[in-house]
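If you want the building blocks of each chain, they are given just below.
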Amino acid sequence: MTGIKTWFYLLITGFLFHRHFFRAEEEEHRQGQLYLSGMDWLAIFVGGIVAYRFIKMLREYSTRKREEAWRMSAGYRNKEAQEMRLGNSVLKSINRDAKDSVKIVLSRVIEKLYVLRIQEPAVFVGLEEDIQWIQRQLMAAWVKYYSYSPEELMDVAYDFEDMIDDLILRSTAKQRRVGNWERCVLLIRIQKKLKLIKSKIPALPRLSGFGLESASPSNDRIEEKVWSDICLLHSQSVANAVFSSVEKKVSALLALEKIQPYTKKAAMRVLDKLRSLNGFLKGLESVELDDSGMVWMEELSHVALSAVISIDDYINRAQQLKKRGWMGFLSAFGKLKPQEKLAAEMDKIYAKIQTLSIHRPTAVNHQCQSRNQKSTLGSSARFPPQLTTQEDDMASYGDDVQAMISRLLTEDESFRVIPIMGMEGIGKTTLAKLIFNHKAVIDHFPFAVWTSDSYRLLLRDKENIVESDLNQLLAVGSYEEEMQRLKASFIKNRSLIVLDHSYFPYEMLQGLQDTLTGSRMISTNCKTWLPPNVNMKNDPHPLRLRTDEESWTLFTHALKLNVPPELLQLKDQIARICGGLPLLIVKLAEALSHKNATIEEWSDILQHFDHDQHQLWSNTLYKIHKDLPLYMRRCLFYFTLFPHDFDIPARRLIALWVAEDLVQLEGNGETSENVAERCLNLLIAQGMVQLTKKKLNGNVKMVRLPDALRQFWLSKAQQATFHGVHTNTRSELSLGTNKIRRLVDHLDKEDICFDHIHGDYGTTSTSLTPYYEYVLSFLSFDTRKESKPGEEVGKFLHRGISSGCFLMMLVLDLENVFRPKLPEAIGKLTQLRYLGLRSTFLETVPSSISKLHNLQILDMKHTSINTLPNSIWKLQQLRHLYLTETSRSKLMLKHDATFPTTLQTLCGLFLDEETPVKDGLDKLLSIRKLGLTLSSKQRVMPLQLQAVVLDWVLKLNQLRSLRLKSIDENNQPWELELMPLVSLVNLSYIYLLGRIRNPSIMSQFPYSLVDLTLSGSGLVEDPMKSLDKLPNLRSLKFLAKSYLGKKMFCSLGGFPQLRVLKLWKLELLEEWYVERGALQALRDCEIRFCTSLKMLPKELLHRTLLKIEVLPSRV
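Rules and cut-offs
- Residues numbered from 1 in each chain as written.
- Predicted model: local features only at pLDDT ≥ 70, side-chain atom pairs only at ≥ 80, totals over all residues.
- Heavy atoms only, no water.
- Helix = DSSP H or I, 4+ residues; strand = E, 2+ residues; numbered from the N terminus.
- Buried < 20%, exposed > 50% of the residue type's maximum accessible area, 1.4 Å probe, protein only.
- Contact = heavy atoms within 4.5 Å.
- Salt bridge = Lys/Arg side-chain N within 4 Å of Asp/Glu carboxyl O.
- Arc of directions from axis to C-beta.
- Phe/Tyr/Trp six-rings, centres within 6.5 Å; stacked < 30°, edge-to-face > 60°.
- Lys NZ or Arg CZ within 6 Å of the ring centre and 35° of its normal.
- Pairing = 2+ DSSP bridges.

**Student:** What exactly am I supposed to notice about the overall build of the protein here?
**Tutor:** In terms of helices and strands, the protein carries 34 helices and 33 strands. Per-residue burial for the protein yields a buried fraction of 54% across its 1115 residues. Taking the intrachain contacts of the protein between residues at least 6 apart in sequence as the baseline, contacts between residues at least 24 apart amount to 66%.

**Student:** Is there a simple way to think about the pattern of salt bridges in this case?
**Tutor:** When the charged atoms of two side chains lie near each other, side chains of opposite charge can form a pair. Inspection of the entire model under this criterion finds 37 salt bridges. Of the charged contacts, one joins R269 and D347 as a salt bridge, the two residues approaching to 3.0 Å between their closest N and O atoms. Of this pair, R269 sits in helix α10 (residues 261–276) while D347 sits in helix α14 (residues 336–358), and the two are 78 residues apart along the sequence. Looking at R269, the relative accessible area reads 7%, which means it is buried. The salt bridge partner of D1011 is K1037, with a shortest N-O separation of 3.1 Å. Pair noted here: D1011 is in strand β27 (residues 1011–1015) and K1037 is in strand β28 (residues 1035–1038), with a separation of 26 residues, a long-range link. Overall, D1011 belongs to the buried group, its relative accessible area being 4%. Accessibility expressed as a relative area gives 12% for K1037, which makes it buried.

**Student:** Could you clarify how one ought to interpret helix α15 (residues 398–408) in this entry?
**Tutor:** Note on helix geometry: an α-helix contains 3.6 residues per turn, so any two residues three or four positions apart are oriented the same way. Regarding α15, the residues found buried are G398, D400, V401, M404, I405 and L408. With its buried residues spanning 160° around the axis, α15 presents them on a single face. Elements that come into contact with the buried residues of α15 comprise β1 (416–421), α16 (428–436), α17 (439–444), β5 (495–499), β6 (520–523) and β8 (541–542).

**Student:** Could you clarify how one ought to interpret helix α22 (residues 571–578) in this entry?
**Tutor:** For α22, the set of buried residues is I574, A575, R576, I577 and C578. The first or second residue beyond α22 is G579, which carries a positive phi of 60°.

**Student:** Hey, could you run me through the environment of F910 in this one?
**Tutor:** Along the chain, the position of F910 falls in strand β21 (residues 905–911). For F910, a relative accessible area of 6% gives the class buried. Once the C-alpha coordinates of F910 and L932 are considered, the two residues, 22 residues apart in sequence, prove to be 6.0 Å apart. Among residues more than four places away in sequence, those in contact with F910 are R888, S889, K890, T915, T933 and S935.

**Student:** I tried to follow the packing of aromatic side chains on my own but got confused; where do I start?
**Tutor:** Aromatic rings considered in pairs are described by the distance between their centres and by the relative angle of their planes. Within the structure shown, the criterion is met by 14 aromatic pairs. Geometrically, the ring pair formed by Y772 and F796 is edge-to-face, given 5.3 Å between the ring centres and 90° between the ring planes. Taken together, the positions of Y772 in helix α31 (residues 769–772) and F796 in helix α32 (residues 787–802) put the pair 24 residues apart, joining distant regions of the chain. Comparing Y772 with F796 shows no difference in burial state: the two are buried. Measuring from ring centre to ring centre gives 5.7 Å for F778 and F796, while their planes differ by 70°; the resulting arrangement is edge-to-face. Highlighted residues: F778 in strand β14 (residues 777–780) and F796 in helix α32, separated in sequence by 18 residues. An aromatic cluster is built from Y771, Y772, F778, F796 and F806, whose rings are joined through pairwise contacts. When the ring centre of Y882 is taken as origin, the NZ or CZ atom of R838, which lies over that ring, is 5.3 Å away.

**Student:** Sorry, what's going on with the pairing of strand β23 (residues 961–966) here?
**Tutor:** Here is the key point about a regular strand: its side chains alternate between the two faces of the sheet. Most of β23 sits out of view: five of its six residues are buried. For strand β22 (residues 929–934) and β23, the ladder comprises six bridges, and the chain directions are parallel. By the bridge assignment for β23, G931 is matched with R963. Pairing of β23 with strand β25 (residues 989–993), which is carried by five bridges, proceeds in the parallel orientation. Counterpart to S961 in the pairing with β25 is Y989.

**Student:** Quick question: what am I supposed to make of the environment of T430 here?
**Tutor:** Considering the arrangement of structural elements, one finds T430 in helix α16. Relative accessible area serves as the criterion here: at 8%, T430 is assigned to the buried category. Counting along the chain gives 152 residues from T430 to P582, while the straight-line C-alpha distance between them is 9.6 Å.

On their own, these measurements won't tell you what the molecule is for.
Encoded structure:
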């Protein structure tokens, strides 16, 4: 067999050799009759010998290197085995790992075998006896796993798994009707592997003195034990965040062709070792980690990331080699060396994981070993009601009042409990009072009761208020009679019960859960308490920290004096010090109200108040340790990378979390951005993150950590090596190596990185390596408006990349850095996922950007870049692309371009007749956010261009946001042809600029619409008659020349959710009528330069929750 195979290789390689060196003669043979002379045959023979010797030499070299790599890995295993025998405490940890690892590997192997046996029993013909023997031996070894070396046992299991994969190949080869020769070779390979496995099993080394007395085998059948562990649980936890990326990359690796068994085995060993820690990491979720535990967690995350990067590098190299078709079958041998390198890297990573597993954290705070899993929005500690002002400020809690009332007044007739959840001092009692005394609530609930302790009741029967003292009733013996009377009233009437830091008598709650009168109960306890046998619908309302604007409104209301104009400069400082906590805002207002209104007096009070207010945050800090999952604590770490007093855009924070895999998908049909947004909203709801600014539609715009929490969390991040372990840098350094992981530039001269970035460049390139070799993120906050910042950061990046630094970088965020000079070498940062260039006014980007094949987010909004090369579409992982509308950013597109199917955001793109939309951009069907500007050099906007664009838009079933502009060469609104958008059921945001040719489109928007902006639309008929039927519309803006009519009418019942209405530059509008009771949800009305408008609607003038702004003020 070997001789035949050799002569076959000689003939083929000789023929290829002859064809390569005698191509001219071959051309002549092609023109005439194919004829090979004796010299031709001699050349073929000689070429075959030369090629055969070359191939043989490559094989020998590869085999030798592979053996060296395995000797190195065996050395690692021997070293690990020696460490395993050092002490009893370490032995217990290792044995626990061994049990988990062996269980995971054998579970997978036996599962594969069972499935294959059921689906393709024919592949076992001739091999059944050997396979059954090996299976029995492995099961027996598993039962007595404590007697064998776990490493050697798993090594045999991996070999057996590799053989099963070959059986699967045998099955597919039969289905594809592959030739007998190839099937015969595959069968011989399977038989060789079976023989090798059978020889390894009897030689498995047994461990003496391992001493696991408690590890007696279970009475469960081995099949039950294995199958019960096949499905590994995946939930939103730190374990999922660490392991999911590794699982994806290993799966991608195994899907490649011609992966050698030793490479596959090395990658699977790493993955299985990580999986063996899954149970331990889930256990960490229920305890409080100390500082060393958080350090351990960060190190494990970094090691897992290094595995992802190594596998990804190999996959990319393999794909590049595959494109080199001219090498023919010789390209297969070129893959051997990269596979050896990958296997060696996987062995090193495995050794690191083993070391971390041995030294896993054990020191925890045993005072809170278990968390209350049912309560994530409050602590169990009781606190007295917070101080409030004499007059509750409705403006500061308007959104919460509206949300609570909408829940109270639903048509659901069953009894519901609505707890107001939040930290001490956040305003739970204040909100409850506002609701209890609200006119709509009084009208809806004829009977109501308020209690601030368990025995004093404030009863309201319609508009009559009576106070009842249950202690007095007990004294005179009429308690039972009063209880029965109240209970009858609750059951008979639609009632409202408010428990303000109080508990309700159990007798009163009996029977309420079965009533169908629409009664409600509000609780302001930190935790909702109900009797164990009372089952009621629970719909909590988390009360967040106040925004800066809400904080200032509450402060001025509680101050009891007018703020002099010269003290308005302290507005931002006051809002920052209080951190959005109402109790602090009221206390500060009371302290300042007794001082002279001068800069000096107030500044002195603010300085002392800033140091004395940390005690009030102790409850929130307690919750962080007690209730918050580990992955969310790591998300909180990221806040400390930003400068003090920095308002962080929510879209920027979410993108950074996703780029660093701090959150993971929880289910099908959602994106990582959705999960990250939910995580941020939960942190806001729990009072751990302050929402400082909201968008007009009510969504989160800016966030930050309150000062007290930031100082605490900054120290924790440094101790956990997320942000820094040394005082001379703000960046995070890896434990023990002092190598920075997350590099931040705050222009701090005390920072060790300052001289490297902004120094005199005397530092050599090689000296940067010890600091920046393992950098994952680089965020610069150098916002100086001159050319120097861009030059300095450009030179720093060039020197770093040239010396081999930043090659593991995932995030490069240069937002607001003026024109950074990106080096051409940026193309070497192949792991980069986020490139933030927003507001840099950059004019060009390096052509090498197309080599960033892992890039997911490219943000070039507010730059001067007007042309991007066609090679940008080589970024097949790209998910979000932001361009600049005003720069008329065009993409150089080819009709045969391969578009990234993962693209979800495409904003700021300029389209004209030269842009291939049909059979080009219309292939992008996963778009969720789309922003396009249409223009033309012709005098009339081509209808064909608009038609193909709208056809594409209507295919985007996942579209959430649409921004469509039609402009001429002078950037003035042009004709805009629209089609009905009602089929886009997920569309919530629409911005339209241009003269709408078919005004009937106003009645054909989807009901999911939340935010609508019209500009230059030229509407003549009143659009309110059509738009007021949109049930979810919250924000409506009419900009310049969007409406050319003279009258506008808002009818009763229309716009049920509208909160923001803006009328700008409607110069012909003269009269605006609002029916009584219309626009009940409106909170913000802004009218600018509507010069013909005679007066405001009377219906809106006296609403306490409505803010009306008119410019110019004479209107």
